[in-house]
Amino acid sequence: MTEKFRTFSRWYGKIVLDHPVWVLICLGILIAILGYKARDFRIDASADALLLENDEDLRYARQVGERYGVHDFLLVSYTPLKGDLLAKENLDALGRLRDELEAMDWVDSVLTILDVPLLESPPISYADISNEIPNLKSPTVDKKLAKIELRESPFYRDLLVSPDMGTTAIVVNIKSDPTYLDLITERNGYLDQKAESSLSPKDAERLAAVIEEIRTRQIQMNEVQHRNIAQIRSVLSRHRSEAKIFLGGISMIADDMIGFIKNDLKVFGIGVFLLLVFMLGIIFKSVRWILVPMLCCFLAVVCMMGVLGAFGWDVTVISSNFVSLQLIITLAIVVHLMVRYREFQITRPLAEHHTLVQETVRSKFVPCLYAALTTIAGFASLLLCDIKPVVHFGWMMSIGILFSLTLTFLLFPSCVVLLKQPDPPTPPKYLRFSIPNFFARLTHSHGTAILVVTVILSVLTVMGMYRLKVENSFIDYFKKSTEIYQGMAVIDQQLGGTTPLDVTLRFDAVSPEADIAEEDDVFDDPFEKQDEKEDPNKYWFIEDRMETIERVHDYLEALPATGKVLSLATLLKIGRRLNDGVSLDSLEMAVLYSKMPNDYKDLILSPYINFENNEVRFTMRIIDSMPSLNRNAFLQKINHDLANQLKIKKDKFRLAGMMVLYNNMLQSLFTSQIKTLGIVALALLLMFLLLFRSVKLALIALFPNLFSAGAVLGVMGWMNIPLDMMTITIAAISIGIAVDDTIHYIYRFREEIKSDGDYIKTLYRCHNSIGHAMYYTSVTIIIGFSILVFSSFWPTIYFGIFTSLAMLIALVAALTLLPHLIVIIKPFGVNSA
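Residues numbered from 1 in each chain as written. Predicted model: local features only at pLDDT ≥ 70, side-chain atom pairs only at ≥ 80, totals over all residues. Heavy atoms only, no water.

Draft legend 1. Structural view of the pairing of strand S3 (residues 168–174). Along S3, 6 of the 7 residues are buried, which leaves the element largely enclosed by surrounding structure. Bridge count between strand S1 (residues 73–80) and S3: 6 bridges; the pairing is antiparallel. Its bridge partner being in S3, Ser77 is matched across the sheet by Ala169. In this sheet, S3 lies alongside strand S2 (residues 107–111) in antiparallel orientation, the contact comprising 4 bridges. (Buried < 20%, exposed > 50% of the residue type's maximum accessible area, 1.4 Å probe, protein only. Helix = DSSP H or I, 4+ residues; strand = E, 2+ residues; numbered from the N terminus. Pairing = 2+ DSSP bridges.)

Here it is, written out as structure tokens:
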């Protein structure tokens, strides 16, 4: 022990053990302050929270949203329980539901099959399109023709009606918050400026203020959104006797996700807490050894929630398990202290209570400190990611571990020293038979077999890791019993897909006005007489452009994974149907554009063409539930084919939308995490060198931990379970947590070997002392994480399962492979017994 550590130990003992009441009072004040700050703790489940902050595709997606007026909406799937969809009673019921939805003050408009214009029921000429266009409620509409038109229309098919005409969609457009939109626009402007150059101090200050205003506004909007979703669900529930109804849309998913996260935080937080109480009761059979550790765990969580509230860090899907992690990590530290104290009670029966506590803390501080630092190293790898919630998760767990370590080493000795000294534990029956003792005998007798099995499993692990893939099938994140899954399945399979993807195509500027103006006299129509305010955009529709747009549209529509595709080509196809199957030329398109009512332009034209930028937009929805879909390869194929098959210059088209952004996020997370695993391994190696001052010991300590984390990734690869936004962090987290056992075991082995120099006897002594603490902590961690399997969110379930598996493998490796490596390599010198 160095002189500095002796000084620290005396200082620590003088303050904590000699003045425990004052320590508890100071801790109480700190916890009260942080507990007050915990009121600002909040949850964010918005899609933006999971995107790459510096992603160029994100900047472009925002531009597309502003350029084409993309707004939030909810989608209701409506399947009548009886009769044909277009039967009068079903249309009347649909109309009543539509009217109730429109009556809600937060709804801007509602679009149903009752409201859309019907151009072929009976057919009308494109030249008559300026007249009043009928819909399903018009008395002149032929229902038989309407059914054919809805089923075959390039616009309505797979958008408002399913192919079998059994299900229809109700689009509920939500009123925008102008203040929020202004803030978003201002923020995006500053972010674009920041990406292109740098912000002045004044602009940077304003950006921070805008982001805080957005956060405050989002809190208010989330509350309003929750009430709105509850209101629409109440309305829909009154109509479920008439139809099978599901609610979908980003707002609904975000609201439900907040509900899932809140439920996971509450249920799993309380569940893990009670489970740990149960485990402590079984293991230690003492009220004090239940209350003291659980007090440490509870206060550590409260402090962490206060830190999150103070820093304004939101809990997202990625960090929703932080309560469970905090409880488990804190308990692991406390259990090591309790087991050591009880060991001293047996080995030093005459020692005073104060001395036992002091020796317990002194002997466990260094290994617990390094165990905490290595766990932090595992979580710190998340800081190298570009996704803000992942970075925040790394920070919050790193800070949380420091809180757990500090609180435990202040609270535990202060509480224990104030309590009456407990009776010594019963002499351990586990010396005759126990799990750690079983592993000691197994390691002693079958060390070679352990090495052979490790080599075989290592090979299988590497093979499994090569099979890993990254996917983002959002529908598969939820259990089939949830409304999110059921609603998304109906929309995905019957109404044109779920995951949005945009393709934008830009044309060179041309001036076709002169060519078309020469032919204006062909049309003897009063409507065609020019005035001073003539719309020049009608001259945009030249034939080369139209041909290119249709070729791209048909290519995208022919892709197996594509559901519904909408673009300007949809209007061209409708125009062809109205013109007896003949494509409209440039002049006829100009006439059609001029005569088209504004409402119809807003529906079928404005979302797909931007005259100012000479740009068109193809909106696609991808069938997310398609099993064979490889999303990254799908996006690469579109980029390749547009350039090479359709001969479009690469600078003239671009993919955008949520599918691109989520794919970028996962690919970035995969790349960064795989690369940083090497950094984590290097950091652990340096810490082991610093702690053990031995290259041999450092390498011995490192291998079992890399093996456990790699084994989990290998199992995922063999089981074809894709890496996603949560499971991709398991490897780094598992290394950080599992390394605790390694440090405690080697640290104890180094102390015990000094007594007789016999590696085998030392192995048995370590297994029957520190081995039990390792076993207790690992079992509680495994059982604690296993409770996550009851979540409704599959990434959370996988996180619980595979983190538990990693801890199990790490425990077995630490009690078999690690001691056998120590015995055969003999890092502490040749056996002197």
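Picking up where we left off.
Draft legend 2. Representation of the confidence of the model for the protein in the model. For the protein, mean pLDDT is 81; residues scoring 70 or higher make up 91% of the total. Counted against residues more than four places away or in other chains, residues 428–432, with its pLDDT under 50, gives 8 contacts. Below pLDDT 50 for its whole length, residues 512–532 participates in 24 contacts with residues either more than four positions away or in separate chains. (pLDDT = per-residue confidence, 0-100. Contact = heavy atoms within 4.5 Å.)

Draft legend 3. Representation of the packing of helix H13 (residues 435–445) against helix H25 (residues 759–767) in the model. Across the interface, H13 lies against H25 with an axial gap of 8 Å and an inter-helix angle of 160°. Between H13 and H25, the crossing angle belongs to the class labelled roughly antiparallel. As H13 packs across H25, the resulting crossing turns out to be right-handed. Residues Pro436, Asn437, Phe439, Ala440, Arg441, Thr443 and His444 of H13 form the contact with H25, whose participating residues are Ile760, Leu763, Tyr764 and His767. (Axes fitted to C-alpha atoms, helices over the stretch in contact; angles between N-to-C directions. Parallel < 35°, antiparallel > 145°, perpendicular 65-115°, else oblique. Left-handed = near helix turned anticlockwise from the far one by under 90°.)

Draft legend 4. Representation of helix H11 (residues 353–380) within the structure. The terminal C-alpha atoms of H11, which comprises 28 residues, lie 38 Å apart, in line with the 40 Å expected from a rise of 1.5 Å per residue. Of all 28 residues in H11, 21 are buried; the element is thus mostly enclosed. (Expected span 1.5 Å × (residues − 1).)

Draft legend 5. Spatial organisation of the pattern of salt bridges. Taken as a whole and judged by the stated rule, the model has 29 salt bridges. The partner of Glu213 in a salt bridge is Arg206, with the nearest N and O atoms 3.2 Å apart. Note on Glu213: relative accessible area 35%, which makes it partly exposed. Residue Asp554 pairs with Lys573 through a salt bridge whose shortest N-O separation is 2.9 Å. Highlighted residues: Asp554 in helix H17 (residues 543–558) and Lys573 in helix H18 (residues 568–578), separated in sequence by 19 residues. In this structure Asp554 comes out as partly exposed when scored by relative accessible area, which is 36%. (Salt bridge = Lys/Arg side-chain N within 4 Å of Asp/Glu carboxyl O.)

Draft legend 6. Examining the sheet that holds strand S4 (residues 243–248) more closely. Reading across the sheet, the 4 strands line up as S2-S3-S1-S4 and stay open at both edges, with antiparallel pairing between neighbours. The open sheet is flanked by S2 and S4, the only strands paired with a single partner. Neighbour-to-neighbour, the strand axes of this sheet turn through a mean angle of 20°, independent of strand direction. Contacts from helix H8 (residues 250–284) reach S1, S3 and S4 within the one sheet, and its direction differs from that of S1 by about 100°.

Draft legend 7. Quick peek at the packing of H17 against helix H21 (residues 631–644). Two elements in contact, H17 and H21, have axes whose closest approach is 12 Å; the angle formed by their N-to-C orientations is 150°. The orientation of H17 with respect to H21, classified from their angle, is roughly antiparallel. Considering only the axes of H17 and H21, their crossing is right-handed. Judged by residue contacts, Val552, Tyr555 and Leu556 of H17 engage Lys637, Ile638, Asp641 and Leu642 from H21. Here the residues of the contact of H17 with H21 are counted per class, giving 5 nonpolar, no polar and 2 charged. (Nonpolar A, V, L, I, M, F, W, Y, C, P; charged D, E, K, R; others polar.)

Draft legend 8. View of unusual backbone geometry. At the junction of Ser121 and Pro122, the peptide bond is cis and its omega measures out at 5° in the coordinates. With respect to the secondary-structure elements, Pro122 resides in the loop between S2 and helix H5 (143–152). The residue Asp158 is not glycine, and still its phi comes out positive at about 65°. Inspection of the secondary structure puts Asp158 in the loop between H5 and S3.

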